[in-house]
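Chains, contacts and geometry: an overview
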Amino acid sequence: VSAVNDENGIYGYRVAPGSDATAFKALGFESGDIVTAVNGLDLSDPANTVSLYQSMRDATEATFELKRGDTMLTLSVSLGQLR
């Protein structure tokens with residue numbers, strides 16, 4: 001995961017599969033996707049970091065807004081399959 005900046009600061013976070021490429025792909029992500037929001041929390045706002053952490057601790061599902069190439073997508077993921 002690495003921050004992606006635009007002229008206004010952090011735009012989102014670029015994701016890559018890391019050590020578990022199979023799970024990464026099974027969840028619907030592609031290497032290079034830029035996640036811009038999680039469960040409606042805009043990742044360009046640093047104030048959302050604590051809220052995001054707290055909401056994700058017990059979450060069973062998550063919705064990711066992301067940019068893939070020139071296309072904006074919404075990806076809904078069941079987190080139960082990761083546990």
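Anything mentioned here points back to the structure above.
These notes cover the structure that comes with them.

Calculation notes
- Residues numbered from 1 in each chain as written.
- Predicted model: local features only at pLDDT ≥ 70, side-chain atom pairs only at ≥ 80, totals over all residues.
- Heavy atoms only, no water.
- Helix = DSSP H or I, 4+ residues; strand = E, 2+ residues; numbered from the N terminus.
- Rg over C-alpha atoms; globule rule 2.2 N^0.38 Å.
- Buried < 20%, exposed > 50% of the residue type's maximum accessible area, 1.4 Å probe, protein only.
- Pairing = 2+ DSSP bridges.
- Salt bridge = Lys/Arg side-chain N within 4 Å of Asp/Glu carboxyl O.

**Regarding the overall build of the chain**
Helix and strand content of the chain: 2 helices and 6 strands. Helices (α) and strands (β) of the chain occur, in sequence order from the N terminus, as β-β-α-β-β-α-β-β. For 83 residues, the compact-globule estimate of 2.2 N^0.38 gives 12 Å, and the C-alpha radius of gyration of the chain, at 13 Å, lies within 12% of that figure. A principal-axis box enclosing the C-alpha atoms of the chain has dimensions of 35 × 30 × 20 Å. A burial count over the chain gives 28% of its 83 residues as buried.

**Here we look at the pairing of strand β5 (residues 61–68)**
On any regular strand, side chains alternate: one points to one face of the sheet, the next to the other face. Where strand β3 (residues 34–38) meets β5, 4 bridges bridge the pair, whose relative direction is antiparallel. Following the sheet pairing, Val38 is matched in β5 by Phe64. The sheet contact formed by β5 and strand β6 (residues 71–78) spans 8 bridges and is antiparallel. When the sheet's bridge partners are listed, Glu65 is paired in β6 with Thr74. Following β5, the chain reverses through 2 residues before pairing antiparallel with β6; Gly69 in that reversal takes a positive phi of roughly 65°.

**Overview of the pattern of salt bridges**
Here the structure, examined in full by the defined rule, presents 2 salt bridges. For Glu30, the salt bridge is made with Arg68, and the minimal N-O distance between the two is 3.6 Å. Note that Glu30 is positioned in the loop between α1 (21–26) and β3 and Arg68 in strand β5, a separation of 38 residues in sequence. You can call Glu30 partly exposed: its relative accessible area is 43%. For Asp33, the salt bridge goes to Arg68, with nearest N and O atoms at 2.8 Å.

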